[in-house]
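Residue strings, one per chain:
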Amino acid sequence: GHWRTGTTYAWSPLDTIPTSEARAVIEERLRLLLPGARWTLLAHHAAVRPIVHGRKAVLGRHPEHPALVLFNGLGSKGALHAPWCATHLAAHLLDDTPLDPELDLARRFPR
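Predicted, not measured: the structure shown is a model, and the values here were computed from it.

Per the secondary structure count, the protein includes two helices and two strands. The helix and strand sequence of the protein, counted from the amino end, reads α-β-β-α. Since a compact globule built from 111 residues should have a radius of gyration of about 13 Å, the 19 Å found for the protein marks it as more spread out than a globular shape. Seen along its three principal axes, the alpha-carbon backbone of the protein occupies a region of about 55 × 30 × 20 Å. In the protein, which comprises 111 residues, the proportion classed as buried is 16%. Summed over all atoms, the accessible surface of the protein reaches about 9,200 Å², with 59% contributed by carbon and sulfur. Put simply, the protein has 13 plus and 10 minus side-chain charges, and the middle of one group is 7 Å from the middle of the other.

Procedures and definitions
Residues numbered from 1 in each chain as written. Predicted model: local features only at pLDDT ≥ 70, side-chain atom pairs only at ≥ 80, totals over all residues. Heavy atoms only, no water. Helix = DSSP H or I, 4+ residues; strand = E, 2+ residues; numbered from the N terminus. Rg over C-alpha atoms; globule rule 2.2 N^0.38 Å. Buried < 20%, exposed > 50% of the residue type's maximum accessible area, 1.4 Å probe, protein only. Areas by Shrake-Rupley, 256 points an atom, 1.4 Å probe, with all protein chains shown as cover. Lys, Arg positive; Asp, Glu negative; His and termini not counted. Charge placed at Lys NZ, Arg CZ, Asp CG, Glu CD.

Here it is in structure tokens:
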């Protein structure tokens, strides 16, 4: 099988060009995680991970396009926050439960 590994949290340079420095960091982490394992690098890619202001999830209906519902901005801790956020958004959409004001998409559109 093939596996993917990564990432770094380098802010500079902020581009999609793979660097030997980032590759070395990821390979060293892999060696620490899997001591003695043999592996072959097949490809090395780079990307920019987008973030949202405040580093909190963004949930809810778009105020100008109510058919559009957003569930985004979970960041690097998404696997931890996603179940609660999904349940919270579902309750909002199905039962009209108010969204947590800190997560509500509407906070980004002052009236």
